[in-house]
Amino acid sequence: MKHALPLGLLAGAVSLGSALGFVHSEVRAASKRLAEPARKDPALQAAVADHTEAPYCTPQFKAVLQRVINACGLGGQESRRGCQPADVKTLASISDDDFNALFTPLAQRGAILLFDDASEKLDEGAKKLLAERWEDRRGARYFFVVARASRTGAADMNRALSHKRANSVEIFLQDHYKSQDPEIDKKLGMLWLGKEFAQLSKGYCTDWTHSRPGKPCNDEAINRSAFISWVDCRL
Amino acid sequence: MNPNRTRLPGVLGSVASALGVFFSAFSTHDYALHLDRQLHSTHCSFVPGLSDATAGANACTAAMYSPYSALLRERFWGGIPISLFALGAYAFFLAASVYLLTAGNAASRRAWQGFGLAALTPLVASGVMFFLSLTRLGAFCKLCVGLYVASLLLAVAGLSALRKAGGSPVAADATLIDPALAAPQVPAGYPQPAYAVPPQPSTLEDLGLIPTGSPLVIPALLAALGAFALGPALIYAAALPDYTPYLTGCGKLPEPNDKNHALVKVTGTRPKEQALLLVDPLCPTCKNLHERLVSEDIFEKLDAQVAIFPLDNACNWMLDRPLHPGACELAKAFLCGEPAGKARLVLDWSYANQEELAALGKAGKDQLRAKIRGRFPELDSCIDAKETKARLDKVLHFAVDNKIQISTPQLFLGSSYNRVCDEDTDLGLRYTLGIMAPHLEQP
């Protein structure tokens, strides 16, 4: 057939032209989608890694937590470490019972370290319990220490004693964990309460894990203490 | 000559070429869709136009993401898909087949030979790809199988053309036709004689003879095949957009220092670039990325830290349900493997047996533990140790401190730990690494 060659050339031009046109249009379409991507559904965006947010993190709890953190040195670069009883009273702006009730959900997570009368020394049971609780961090951001002193004795002495008990906890943690965790300072929130605010009732002897199980526990003993717990709240 | 035999190469060549164009066009379409850096379904069917594209993992997606689906991946984002060469080549064979079909015996012997030789080349390419699919991918994508069939049919057409060129009497030109064989001419106005001789062949075609043709025809045809095969690839490369502005927009680690010594060092044999990998041992995408890094000889060039990040709420407080149940156990086994230098081994084993381990994880923690114990008995006590749990907590806190998205895998590169965008961890990985970590291009 004498038209075979022109026909073949035409077929070649058409097939190659179609292939090139197809490829060009496919790449161009992709380029356009690349430049103007479809808006992603925000609900489908991956969440960002964050600390635990436990159900007990109520707005009231967080408000107290935030005030304590801001005022007691954790939230900034202040050299001050911890809050005094007067601070807490002002910051919390809540009654003793309401303040203590905030921490009730931490009964399983936290513990109470008991001290001897007029002493800030951690005994072996307290050290063991403190280490256990510290090492069970999970997703928590802050570790709270709320030290107390009983009602016996002068207010100034009790305040000082409470402060020392809080410091004992901090020193133990620094001594044992600073090498593994250089940022203990940024995690530790301390309050030391004298006898004038938020004393614990005897019920805490049974409802909470404390460091002297099987030993007598009463209103006085439970307040010669330091409450410790990781707090699973985001702020 | 039997006219059917004359037409066979052209008919078969046309059918094979049409099939080849069809399958390579769908393959190209699927590949080009991904140039927008998004995830798309792929056509994994013998009748791709008639069935819907398939989302998620399938043999065609696996083939597409494999290092064998494209060339020059380090130079172009996604590389140049090999389907483009097939598309151009089959376009050539379609035109050539149409020519042979219409030309018949008018086509020269050299043309038949050139077509025959050229038509064997797609079969060679298919043979190579078949071998790779069999030995490296372990699966056959249906579009690829369609191309294998097309190349086989084309090879049959080619062999038929070669047989025709070699087996027929050949005349150099029309003067060789014996004039005596020509039919006697009856003068105008006279009736045809009653004994009329049958019409005699007056052309080479009528005689079943094929002109030899110029010896340049064969190289010219092969050159045309090369030009056709390269054409779509050149157009593709020229039309590709500039991806560099998109590569570095996924942030970096604000706190890359592993202050708590929680991450695991997994240094390759030829470390050239710092990297941090956030992975879950039961995450299929992590497995894919890992395999890609290994198969493209990148993993051995990484001085990597691995932040093991199980998407399992048994240990990861950031999830309200387990995406990969059992991942916590494997993550702890990975951490436990580090002191004995077995962390990489645990990770490789987790990926290699991922399906089975994921199923065991769903069935219950004990069965998965038994499996881990069976493979790594020396790690068993460590997995339950409180120190291991505490270390895993620290890894997760590393993610919190760096505000990392709860998503795996994630790859961070270089001393600044720039994040490789998720969109660039598959087809665009080589190109992206070339931009973000040029040291990795060194051998």
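Overview of the structure. As the structure is a prediction and not an experimental result, all values here were calculated from the model.

Before going further, it helps to spend a moment on the environment of Lys186 of chain A. All names here are of chain A. Here Lys186 is to be found in the loop between helix H6 (155-177) and strand E3 (188-193). Taking relative accessible area as the criterion, Lys186 reaches 45% and is therefore assigned partly exposed. Considered as a pair, Lys186 and Phe143 are 43 residues apart in the sequence and their alpha carbons are 9.4 Å apart.

All names here are of chain B. Within this structure, the stated rule accounts for 37 salt bridges over all chains. Asp424 is the salt-bridge partner of Arg37, the closest N and O atoms lying 2.8 Å from each other. Here the residue Arg37 occupies a position in the loop between helix H1 (3-33) and helix H2 (59-65), and Asp424 occupies one in the loop between strand E9 (418-420) and helix H15 (429-436), the gap between them amounting to 387 residues. Of the residues examined, Arg37 reaches a relative accessible area of 10% and is grouped as buried. Here Asp297 ties to Arg270 by a salt bridge, and the two come within 2.6 Å at their closest N and O atoms. One end of the pair, Asp297, is in the loop between helix H8 (284-295) and strand E7 (302-308); the other, Arg270, is in the loop between strand E5 (264-267) and strand E6 (273-279), and 27 residues separate them in sequence. Given the relative accessible area of 30%, Asp297 is considered partly exposed. What emerges from the salt-bridge pattern is a single network uniting Glu329, Lys332, Lys365, Arg369, Arg373, Asp380 and Asp384.

Turning to helix H11 (residues 354-363) of chain B, a few remarks are in order. Residue and element names in this part refer to chain B. Within the sequence span of H11, burial applies to Gln354, Leu357, Leu360 and Gly361. Projected onto a plane normal to the axis of H11, the buried residues spread over an arc of 130° and lie on a single side. In this structure, H11 carries Glu355 and Lys362 as exposed residues pointing more than 90 degrees from its buried face. Tucked into the core, H11 has its buried residues touching H8, helix H9 (327-337), helix H10 (343-352) and helix H12 (365-375). The positive-phi residue at the C-terminal boundary of H11 is Gly364, with phi of around 150°.

Another point: the sheet that holds strand E2 (residues 142-148) of chain A. Residues and elements named next belong to chain A. Across the sheet, which stays open at both edges, the 4 strands sit in the order E1-E4-E2-E3 with mixed pairing between neighbours. Looking at which strands have only one partner, the edges of the open sheet turn out to be strand E1 (111-114) and E3. Strand after strand, the sheet turns through a mean of 20° between neighbouring axes, direction not considered. Relative to strand E4 (residues 225-231), E1 is paired through 4 bridges, and the arrangement is antiparallel. Within E4, the residue paired with Leu114 across the bridge is Ser225. The strands that helix H5 (residues 124-135) touches are E1, E2, E3 and E4; relative to E1, the one it contacts most, it runs at about 155°. Contacting E1, E2, E3 and E4, H6 crosses the sheet at an angle of about 160° to E3.

Another aspect to go through is the pairing of E3 of chain A. All names here are of chain A. The buried fraction of E3 is high, at 6 of 6 residues. Side chains Leu188, Met190 and Trp192 project from E3 onto one buried face, and the interleaved Gly189, Leu191 and Leu193 project onto a second face that is buried too. As defined by bridge partners, E2 adjoins E3 across 6 bridges and the pair is classed as parallel. Residue pairing for E3: Phe143 is matched across the bridge by Leu188. Viewed along the sheet, the connection from E2 through H6 into E3 turns out right-handed.

Looking now at the interface of chain B and chain A. Between chain B and chain A, the residue contacts involve 49 residues of the former and 40 residues of the latter. When the two sides are added together, the surface that chain B and chain A hide from each other amounts to roughly 3700 Å², 65% of it contributed by carbon and sulfur. Its largest share of buried area at the contact with chain A, chain B owes to Ala239, Trp317 and His397 of chain B, together 14% of the area lost on that side. Run the count over chain B and chain A and you get 4 salt bridges. With a closest N to O distance of 3.3 Å, Lys386 of chain B and Glu135 of chain A form a salt bridge. Summed over the shared surface of chain B and chain A, the number is 13 residue pairs in polar contact (both at pLDDT 80 or more). The element best represented in the side of chain B that touches chain A is helix H3 (residues 83-103) of chain B, accounting for 9 residues.

This part is about the nonpolar core. Residue and element names in this part refer to chain B. Formed by 67 residues in total, the largest nonpolar core has its most connected members in Ile308, Phe334 and Leu413. Ranked by the residues each element gives to this core, the list is headed by H9, at 8 residues. Setting aside chain neighbours within four positions, we find Leu413 in contact with Glu273, Gln274, Ala275, Leu302, Asn418, Val420, Leu433, Met436, Ala437 and Leu440. With 37 residues, the next largest nonpolar core counts Leu12, Tyr90, Ala118 and Ala150 among its residues.

We now examine the sheet that holds E5 of chain B. All names here are of chain B. Within the open sheet, the 5 strands sit side by side as E5-E7-E6-E8-E9. Their pairing is mixed. What marks the edges here is a single partner per strand, and that holds for E5 and E9. With strand direction ignored, the average angle separating the axes of adjacent strands in the sheet is 30°. With 3 bridges connecting them, strand E8 (residues 410-413) and E9 associate as antiparallel partners. Counted as the bridge partner of Leu411 is Val420 from E9.

Before going further, it helps to spend a moment on the side chain of Ser14 of chain B. Residue and element names in this part refer to chain B. Take Ser14: it is sitting in helix H1. One polar contact links the side chain of Ser14 to the main-chain carbonyl oxygen of Gly10, over a distance of 2.7 Å. The residues touching Ser14, leaving out its near neighbours within four places in the chain, are Leu94, Ser97, Val98 and Leu101.

A word on the state of the cysteines. Residues and elements named next belong to chain A. If you walk through the whole model with that rule in mind, you get 8 disulfides over all chains. With a sulfur-sulfur separation of 2.0 Å, Cys57 is cross-linked through a disulfide to Cys233. One quick way to see it: the torsion about the S-S bond of Cys57 and Cys233 is about -95°, and its sign makes the bridge left-handed. On the criterion of sequence distance, the pair formed by Cys57 in the loop between helix H1 (4-35) and helix H2 (59-71) and Cys233 in the segment after E4 is long-range, its members being 176 residues apart. A relative accessible area of 10% places Cys57 in the buried class. The connectivity of the disulfide bonds within chain B can be written as 1-2, 3-4, 5-12, 6-7, 8-9, 10-11, using the sequence rank of each bonded cysteine.

The contact between H1 of chain A and H3 of chain B brings their axes to 8 Å, and the two run at 160°. It follows from the interaxial angle that H1 of chain A and H3 of chain B lie roughly antiparallel. As for the relative orientation of H1 of chain A and H3 of chain B, their crossing is right-handed in sense. Of the residues in H3 of chain B, those touching H1 of chain A at Ala4, Leu5, Leu7, Gly8, Ala11, Gly12, Ser15, Leu16, Ala19, Phe22 and Val23 of chain A are Leu84, Leu87, Ala91, Leu94, Ala95, Val98, Tyr99, Thr102 and Ala103 of chain B.

For the rest of this paragraph, the subject is the packing of aromatic side chains. In total, this model carries 20 aromatic pairs over all chains according to the counting rule given. Note on Trp77 of chain B and Tyr243 of chain B: the rings are 4.8 Å apart at their centroids and 15° apart in plane angle, and the pair reads as stacked. Here Trp77 of chain B is found in the loop between strand E1 (70-71) and strand E2 (80-81), whereas its partner Tyr243 of chain B is found in the loop between helix H6 (217-239) and helix H7 (244-247), with 166 residues between them in sequence. Judged by relative accessible area, Trp77 of chain B falls into the buried class, the value being 2%. Here the aromatic cluster, defined as three or more aromatic residues joined through ring pairs, consists of Tyr56, Phe61, Phe99, Phe103, Tyr204, Trp208 and Phe227 of chain A. The ring centre of Tyr65 of chain B lies 5.5 Å from the NZ or CZ of Arg292 of chain B, which sits over that ring. Taking NZ or CZ as reference, Arg375 of chain B lies 4.4 Å from the ring centre of Phe376 of chain B, over its face.

Reading the values: rules and limits
- Residues numbered from 1 in each chain as written.
- Chains lettered and ligands numbered in written order.
- Predicted model: local features only at pLDDT ≥ 70, side-chain atom pairs only at ≥ 80, totals over all residues.
- Heavy atoms only, no water.
- Helix = DSSP H or I, 4+ residues; strand = E, 2+ residues; numbered from the N terminus.
- Buried < 20%, exposed > 50% of the residue type's maximum accessible area, 1.4 Å probe, protein only.
- Salt bridge = Lys/Arg side-chain N within 4 Å of Asp/Glu carboxyl O.
- Arc of directions from axis to C-beta.
- Contact = heavy atoms within 4.5 Å.
- Pairing = 2+ DSSP bridges.
- Axes fitted to C-alpha atoms, helices over the stretch in contact; angles between N-to-C directions.
- Right-handed = clockwise from strand over helix to strand, strands pointing away.
- Buried area = accessible area lost by both parts, 1.4 Å probe.
- Polar contact = N/O pair within 3.5 Å; in protein donor to acceptor, adjacent residues only side chain to side chain.
- Core = buried A, V, L, I, M, F, W, Y, C linked by side-chain atoms within 4.5 Å.
- Disulfide = S-S within 2.5 Å.
- Parallel < 35°, antiparallel > 145°, perpendicular 65-115°, else oblique.
- Left-handed = near helix turned anticlockwise from the far one by under 90°.
- Phe/Tyr/Trp six-rings, centres within 6.5 Å; stacked < 30°, edge-to-face > 60°.
- Lys NZ or Arg CZ within 6 Å of the ring centre and 35° of its normal.

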